[in-house]
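# Fold and contact review
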Amino acid sequence: MDYLPLFLDVRDRTVAVVGGGEVAQRKAVLLHGAGARLRVIAPRFEAGFERWLLQQRAEVRHEPFTAAALDGAALAIAATDDAGVNGAVFAAGRARNIFVNVVDDGSAGDCLMPAIVDRSPLIVAIGTGGGSPTVARRVRAQLEALLPQSLGALVTAAARWRARVKEVLPDMAQRRRFWERWFDQAAAAGLASDAAALDGQLQRALAAADGAGAPRGEVWLIGAGPGDPDLLTLRAQQLLQQCDVLLYDRLVSPEVLDRVRRDAERIYVGKESGRHRITQQRIHELLVEYAARGLRVARLKGGDPFVFGRGGEEMAALAAAGIPVTVVPGVTAALGAAAVAGIPLTHRAVAQSVTFVTAMGEAAEQLDWRALAAPLQTTVFYMGVAQLSRIVARLREHGAPADRAVAIVERATLPGQRIVTGTLDDIAACAQSAGVSAPALLIVGEVAAHRQELRQG
Ligand code: SAH
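All figures in this text were calculated on a predicted structure; none of them were measured in a lab.

About the cut-offs
- Residues numbered from 1 in each chain as written.
- Predicted model: local features only at pLDDT ≥ 70, side-chain atom pairs only at ≥ 80, totals over all residues.
- Heavy atoms only, no water.
- Patch = residues over 30% accessible without salt bridge, like charges linked within 9 Å, V, L, I, M, F, W, Y side chains within 5 Å.
- Areas by Shrake-Rupley, 256 points an atom, 1.4 Å probe, with all protein chains shown as cover.
- Salt bridge = Lys/Arg side-chain N within 4 Å of Asp/Glu carboxyl O.
- Lys, Arg positive; Asp, Glu negative; His and termini not counted.
- Charge placed at Lys NZ, Arg CZ, Asp CG, Glu CD.
- Helix = DSSP H or I, 4+ residues; strand = E, 2+ residues; numbered from the N terminus.
- Buried < 20%, exposed > 50% of the residue type's maximum accessible area, 1.4 Å probe, protein only.
- Axes fitted to C-alpha atoms, helices over the stretch in contact; angles between N-to-C directions.
- Parallel < 35°, antiparallel > 145°, perpendicular 65-115°, else oblique.
- Left-handed = near helix turned anticlockwise from the far one by under 90°.
- Contact = heavy atoms within 4.5 Å.
- Near = heavy atom within 4 Å.
- Polar contact = N/O pair within 3.5 Å; in protein donor to acceptor, adjacent residues only side chain to side chain.
- Pairing = 2+ DSSP bridges.
- Phe/Tyr/Trp six-rings, centres within 6.5 Å; stacked < 30°, edge-to-face > 60°.
- Domains from an automatic or database assignment.
- Core = buried A, V, L, I, M, F, W, Y, C linked by side-chain atoms within 4.5 Å.

A surface patch of like charges, here negative, comprises Asp-403, Asp-425, Asp-426 and Glu-446. Within the secondary structure layout, Asp-426 lies in the loop between strand E16 (418-423) and helix H16 (427-434). Residue classification places Asp-426 among the partly exposed residues on the basis of a relative accessible area of 31%.

Okay, the packing of helix H5 (residues 151-168) against helix H7 (residues 195-209) next. Packing of H5 against H7 brings their axes to within 10 Å, and their N-to-C directions diverge by 30 degrees. Classed by the angle they form, the pair H5 and H7 counts as roughly parallel. The two elements H5 and H7 meet at a crossing, and its hand is right-handed. The residues of H7 that touch H5, namely those facing Ala-153, Leu-154, Ala-157, Arg-160, Trp-161, Arg-164, Val-165 and Val-168, are Ala-195, Leu-198, Asp-199, Leu-202, Gln-203 and Leu-206.

Near the ligand, the surroundings consist of 18 residues, among which Val-307, Thr-332, Ala-333, Met-383 and Ala-440 are the closest. Pro-226 places a main-chain nitrogen or oxygen 2.9 Å from a nitrogen atom of the ligand. Within the backbone of Val-307, an N or O atom sits 2.7 Å from a nitrogen atom of the ligand. Notes on the ligand: free accessible area 540 Å², of which the protein chains cover 92%.

Time to look at unusual backbone geometry. The peptide bond linking Ser-120 to Pro-121 adopts the cis configuration, its omega dihedral lying at 5 degrees. Relative to the helices and strands, Pro-121 resides in the loop between strand E6 (115-119) and strand E7 (122-126). For the bond running from Ala-438 to Pro-439, omega is -5 degrees, close enough to zero to count as cis. In this fold, Pro-439 is placed in the loop between H16 and strand E17 (440-444). In the Ramachandran plot, Asp-104 falls in the positive-phi region, its phi being about 70 degrees despite a non-glycine side chain. At Arg-411, a position not held by glycine, the phi torsion is positive, near 50 degrees. With respect to the secondary-structure elements, Arg-411 resides in the loop between strand E15 (405-410) and E16. By relative accessible area, Arg-411 is classed as partly exposed at 31%.

Moving on, we come to the sheet that holds E17. Spatially, E13-E14-E17-E15-E16 is the arrangement adopted by the 5 strands of the open sheet, whose pairing is mixed. On the outer flanks of this sheet lie strand E13 (353-358) and E16, each paired with one strand and no other. Adjacent strand axes in the sheet meet at a mean angle of 20 degrees, parallel and antiparallel pairs treated alike. Of the strand pairs in this sheet, strand E14 (residues 377-382) and E17 are connected by 3 bridges, and their pairing is antiparallel. Opposite Phe-381, over in E17, you have Leu-442 as the bridge partner. Against the sheet, helix H12 (residues 333-341) makes contact with E13, E14, E15, E16 and E17, and its axis sits at roughly 70 degrees relative to E17, the strand it touches most. Of the strands in this sheet, E15 and E16 touch H16, which is tilted by about 150 degrees from E16.

Take the environment of Phe-90 next. Examined against the element boundaries, Phe-90 turns out to sit in helix H3 (residues 83-96). Along the sequence, Phe-90 and Thr-134 sit 44 residues apart, while their C-alpha atoms lie 25 Å from each other. Every residue in contact with Phe-90, bar those within four places of it in the chain, is listed here: Val-100, Ala-108, Gly-109 and Asp-110.

Looking now at a nonpolar patch on the surface. Together, Met-1, Leu-4, Leu-6 and Leu-8 make up an exposed nonpolar region whose accessible area comes to about 560 Å². Assignment of secondary structure puts Met-1 in the segment before strand E1 (14-18). Given the relative accessible area of 86%, Met-1 is considered exposed.

Moving on, we come to the packing of aromatic side chains. Tallying each qualifying case throughout the model produces 7 aromatic pairs. Centre to centre, the rings of Phe-178 and Trp-179 are 5.3 Å apart; their planes meet at 70 degrees, and the pair counts as edge-to-face. Among the residues examined, Phe-178 registers a relative accessible area of 7% and is labelled buried. Aromatic side chains Phe-308 and Tyr-382 sit 4.9 Å apart centroid to centroid with 65 degrees between the ring planes, which places their arrangement in the edge-to-face category.

The next point concerns the domain arrangement of the chain. When cut into domains, the chain gives domain 1 (14-113), domain 2 (151-210), domain 3 (218-331) and domain 4 (334-456). Domain 2 and domain 3 are separated by 26 Å when their C-alpha centres are compared.

Residues Val-165, Leu-169, Phe-178, Trp-179, Trp-182, Leu-202 and Leu-206 are the most contacted members of the largest nonpolar core, which totals 22 residues. Taken together, the elements giving at least two residues each to this core come down to E6, H5, helix H6 (172-189) and H7. Of the residues forming this core, the biggest block, 8 residues, is contributed by H5. Not counting chain neighbours up to four residues away, the residues in contact with Leu-169 comprise Gln-174, Arg-175, Phe-178, Leu-206 and Ala-209.

In structure tokens form, the structure reads like this:
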């Protein structure tokens, strides 16, 4: 390790910033935010910077840098565009035994400013030893996406409860388990920054942990989106990195499975129409069994769990068994398909409502076909390809014109994705000659005709 990472408490300590330009200003703002007493030295200041400094009641020295400017400072930042001046700041710092950061040339000083992910009081600092600021920024962007905004509030709440938890759970291993569990659950539930809710939750968790040693399992019902792993929500990614067990469906793509914690146990519960069909009842049993063992179970479903995903049934079964459930929404296939096909599901003067329907089985007969055939209406049929001719016939019977626009989106957002367009009149023939197969969905409505136009725009 070439550098020792440290977090400094600079409140009410003097920090000297040498430079009057934009770079110096950025550092001054950061230091001010951390509570430092600022002393800024430069012969000239940019107007905005100087105004800001006066507002903050900072000490402003309108003069060229001299070594004495560092007297009494705890830290110095050299932020000029003159390597000679920056070198003089470093030499003066050395002589006074204080650390000097030279902005934009870490090797010219003896401390570096990291890239920061700020979830105060939780702070992640990233350094590359000055080797590549770009890599540091990229890593920061990845962490920004991965770390929920609510982390800071979680730390603050944990700090409030630390002493009390220690009292109730004197055993260190037990305490550590308590905090880990609490953190995972709070992060999963997305308890955000609501301090009162966090306190209530900690109080309950502590009451439950007191005496009862066994950890409590839970189930996360997670939407995997249409297939492209980049369409997972941030919360889905966070939870998939934490689960002990994963139960997943046929529609969950291998690319999404790659984002799941490596050492989680994986159980495939896809309902193939073949011999080894796992019943919905069996899935409920598995979910309950694993959670009852105290495990964190991710139930991953294609698209959104609450859109033709039987998520409601699983939630009810878990609730009946007294197991906590968290639902994480996903991008449902209709939205993924519309996006990749460039078809707006609603569009001024073309479609004022959109309906998602499943075209499978008996239930299809109960649909209000007249409403689906009406003008100014978009209908997305899930699981519809095998039923294509029937869907077309029903819509025609109920008044939809033969030239109503239609699009089929096959494997939306996945490798090999295809889009077939036509009208009610010819779509069945088009689909057949293209050899369309599942998973695919059918978008019926004039919006489908707006696709080309939008692409060119
Ligand atoms: N819960 C899922 C839907 C499950 S039903 C969701 O919200 O998307 C399964 C049907 O969804 C498939 O038969 C197909 O019609 C549709 N589907 C799922 N993924 C798809 C994809 N990548 N491309 C096209 N259709 C898809």
